[in-house]
Amino acid sequence: MDVAGLREAKLAKKALITGITGQDGAYLSQLLLENGYEVHGGVRRISHSETVRLVGLGIDQDITFHDFDLSEQNSIVRAIREGQYDEVYNLAAQSFVGSSWDQPLYTSDVNSMGTLRILDAIRTYSPHSRFYQASTSEMYGLVQEVPQREDTPLYPRSPYGVAKVFGHLMTRNYRESFGLHGSSGILFNHESPLRGEEFVTRKITMGLARIAHGSDRPIELGNMDAKRDWGYAKDYVRGMYLMLQQDEGDEYVLATGRTHTIREFATWAAAELGMTLAWEGEGQDEVARDTSSGKTIIKVNPAFYRPAEVDLLVGNASKARDKLGWEAEVSVEELARMMARSDYDAAT
Ligand code: NAP
Ligand code: GDD
């Protein structure tokens, strides 16, 4: 039976995605719709991005939206009790690490208590629902082992990371205490042309596109020594989906297994737009220039430094490969080029 037939015969699985207006929410919605799901999304009334990403993918008309806020218990209980979903993906969060020092209480409430509110609503009103929690490599923070695996000790370095540890451990606790089918995906950084504009990769590719179209304003960045394991968001939502198709809930790292500097990412993205970056200077004086035009493309602004840094992330996704058959398919260089091209084309 095809997708339309499944829906007609009311055989389609039903999923709720919180954070559906975000990067991952958009790609996961697309994937579930392609797999014949009836997709529901939780949306804040004051949504920043509204449904612009879903409109861009041409799928906004295929989704049923519900008022939903992770800080509001009633909206969560109502959604879970009335929906009786087969699968609930909790992607909603205050997801920007940098803001979490300015808004530690809000970040903690949304990212930790918000997760617990959903878990408890599922336990009480819909125990058959399978649950996915968006855990993160940021939980490893000051890394205790390289590369990081599911059992690597956690040492978060930001209010965001601390709050995510709570959600991670609560998901484990509800699985072990109440037999809930709950899984945590410990996802390393994943990016795409739909990435939020405040994150470093998108900030770089949007800035490069602006410069390639004639701007003289350099891109201002903070700590350029950080290294990340960057993958493509579309690959990672496939991993989330696979986790909820297993017989038991569990925890899985999703990562590429390779780590790169911000300089490398920027150099690849710039090359896609015809610029060759040469890096000069150190610390706050470091700049990247385009060797052909001589223009300064990137410079440091200490305002973007963080109170504590996560210097190195690199994940070992062998458990996901062995148990889920999951692997990252897009390389970071392809990703950097894809994002730069997309931002350049969007700006024409
Ligand atoms: P994103 O683009 O920033 O999306 C976050 C989503 O959460 C948005 O839809 C946002 O809605 C929603 N949201 C924020 N506060 C909320 C609240 N109080 N109640 C309900 N919804 C709220 O994030 P993403 O990159 O797609 O990431 C998805 C999830 O994976 C997040 O939980 C993030 O922490 C986690 N994660 C991401 C990565 C990564 O590299 N992308 C890696 C590991 C884990 P508005 O549109 O209203 O703002
Ligand atoms: N955002 C940003 N802006 N980061 C910068 C800048 C800048 O101007 N300059 C340097 N960086 C450095 C940050 O200090 C950090 O070390 C690194 O670039 C990556 O920053 P982000 O792109 O903001 O991502 P993140 O790693 O802090 O957080 C993302 O990945 C996590 C998974 O590890 C988010 O998506 C989190 O939600 C996610 O959990």
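Check the entry above for the structure.
In this text the structure is predicted, and so the values were computed from the model without any measurement.

A. Expanded view of the overall build of the protein. What the protein contains, in helices and strands, is 11 helices and 15 strands. Summarising its shape, the C-alpha atoms of the protein cover approximately 60 × 45 × 40 Å along the three principal directions. Within the protein, the proportion of its 348 residues that are buried is 52%. Of the contacts formed within the protein by residues at least 6 apart in sequence, a portion of 74% connects residues at least 24 apart. When the 37 basic and 50 acidic side-chain charges of the protein are each reduced to a single mean position, those positions are 2 Å apart.

B. Spotlight on the site of ligand 1. In the vicinity of ligand 1, 27 residues are found, and the nearest of them are Thr21, Asp24, Ser95, Tyr160 and Lys164. Leu91 places a main-chain nitrogen or oxygen 2.9 Å from an oxygen atom of ligand 1. Burial of ligand 1 by the surrounding chains reaches 93%, relative to a free accessible area of 900 Å². Within the residue set of the shell around ligand 1, elements represented by two or more residues are helix 2 (23-34), helix 5 (104-125), strand 5 (130-136) and helix 6 (159-178). Here the element with the most residues in the shell around ligand 1 is strand 5; it accounts for 3 residues. For the shell around ligand 1, a count of residues per class yields 10 nonpolar, 12 polar and 5 charged.

C. Structural view of the site of ligand 2. Neighbouring ligand 2 are 24 residues; Thr136, Ser137, Tyr160, Arg306 and Glu309 lie closest to it. With respect to ligand 2, the side chain of Thr136 contributes an N or O atom lying 2.6 Å from an oxygen atom. Side-chain polar atom of Tyr160 to an oxygen atom of ligand 2: 2.5 Å apart, as the coordinates give it. Burial of ligand 2 by the protein chains amounts to 95% of its free accessible area of 720 Å². Looking at the shell around ligand 2, the elements with two or more residues in it are helix 7 (200-212) and strand 8 (219-221).

D. Structural context of the packing of aromatic side chains. Evaluated as defined, the whole model comprises 8 aromatic pairs. Pairing Tyr174 with Phe178 gives two aromatic rings, centres 4.9 Å apart and planes at 65 degrees, and the pair type is edge-to-face. Of this pair, Tyr174 and Phe178 both sit in helix 6, 4 residues apart, which is roughly one turn of that helix. Judged by relative accessible area, which is 7%, Tyr174 ranks as buried.

E. Up close: the packing of helix 5 against helix 6. Axis separation between helix 5 and helix 6 bottoms out at 8 Å; the angle between their running directions is 15 degrees. The angle between helix 5 and helix 6 falls in the class roughly parallel. Crossing of helix 5 over helix 6 shows right-handed handedness. Where helix 5 abuts helix 6, its residues Pro104, Thr107, Ser108, Asn111, Ser112, Met113, Thr115, Leu116, Leu119, Asp120 and Arg123 lie against Pro159, Tyr160, Ala163, Lys164, Phe166, Gly167, Met170, Thr171, Tyr174 and Phe178. The residue inventory of the contact of helix 5 with helix 6, partitioned by class, reads 11 nonpolar, 7 polar and 3 charged.

F. The arrangement of the sheet that holds strand 13 (residues 277-280) in detail. What the 4 strands build is an open sheet, ordered 8-15-14-13; its pairing is mixed. The open sheet has two edge strands with one neighbour each: strand 8 and strand 13. Between one strand axis and the next, the sheet turns through 20 degrees on average, direction left out of account. Direction of pairing for strand 14 (residues 287-290) relative to strand 15 (residues 296-300): antiparallel, over a ladder of 3 bridges. Looking at the pairing, Ala288 lines up with Ile298 of strand 15. In the packing of helix 7 onto the sheet, the strands contacted are strand 8 and strand 15, and the crossing angle to strand 8 comes to about 160 degrees. Contacting strand 8, strand 13 and strand 15, helix 9 (residues 262-272) runs over the sheet at an angle of about 150 degrees to strand 13.

G. Geometry of the sheet that holds strand 11 (residues 251-254). With parallel pairing, 7 strands are arranged side by side in an open sheet as 3-2-1-4-5-6-11. Each end of this open sheet is capped by a strand with a single partner; those strands are strand 3 (63-67) and strand 11. The sheet shows a mean angle of 20 degrees between the axes of neighbouring strands, direction not considered. Running at roughly 150 degrees to strand 5, helix 6 makes contact with strand 5, strand 6 (182-187) and strand 11 of the sheet.

H. Looking closely at helix 6. The terminal C-alpha atoms of helix 6, which comprises 20 residues, lie 28 Å apart, in line with the 28 Å expected from a rise of 1.5 Å per residue. Buried within helix 6 are the following residues: Pro159, Tyr160, Gly161, Ala163, Lys164, Val165, Gly167, His168, Thr171, Tyr174 and Arg175. Buried residues belonging to helix 6 abut helix 5, strand 5, strand 6 and strand 11. Directly after helix 6, the chain includes Gly179, whose backbone phi takes a positive value near 70 degrees.

I. Representation of the nonpolar core in the model. Among the nonpolar cores identified, the biggest contains 71 residues, and Leu28, Leu32, Tyr89, Tyr132, Leu208 and Ile298 are the most heavily contacted of them. The residues contacting Ile298, other than those within four sequence positions of it, are Pro218, Ile219, Leu221, Met224, Ala266, Leu277, Trp279, Glu286, Val287 and Ala288. Formed by 19 residues, the second largest nonpolar core is a distinct cluster that contains Tyr85, Val88, Ile118 and Ala121.

Rules behind the numbers
Residues numbered from 1 in each chain as written. Chains lettered and ligands numbered in written order. Predicted model: local features only at pLDDT ≥ 70, side-chain atom pairs only at ≥ 80, totals over all residues. Heavy atoms only, no water. Helix = DSSP H or I, 4+ residues; strand = E, 2+ residues; numbered from the N terminus. Buried < 20%, exposed > 50% of the residue type's maximum accessible area, 1.4 Å probe, protein only. Contact = heavy atoms within 4.5 Å. Lys, Arg positive; Asp, Glu negative; His and termini not counted. Charge placed at Lys NZ, Arg CZ, Asp CG, Glu CD. Near = heavy atom within 4 Å. Polar contact = N/O pair within 3.5 Å; in protein donor to acceptor, adjacent residues only side chain to side chain. Areas by Shrake-Rupley, 256 points an atom, 1.4 Å probe, with all protein chains shown as cover. Nonpolar A, V, L, I, M, F, W, Y, C, P; charged D, E, K, R; others polar. Phe/Tyr/Trp six-rings, centres within 6.5 Å; stacked < 30°, edge-to-face > 60°. Axes fitted to C-alpha atoms, helices over the stretch in contact; angles between N-to-C directions. Parallel < 35°, antiparallel > 145°, perpendicular 65-115°, else oblique. Left-handed = near helix turned anticlockwise from the far one by under 90°. Pairing = 2+ DSSP bridges. Expected span 1.5 Å × (residues − 1). Core = buried A, V, L, I, M, F, W, Y, C linked by side-chain atoms within 4.5 Å.

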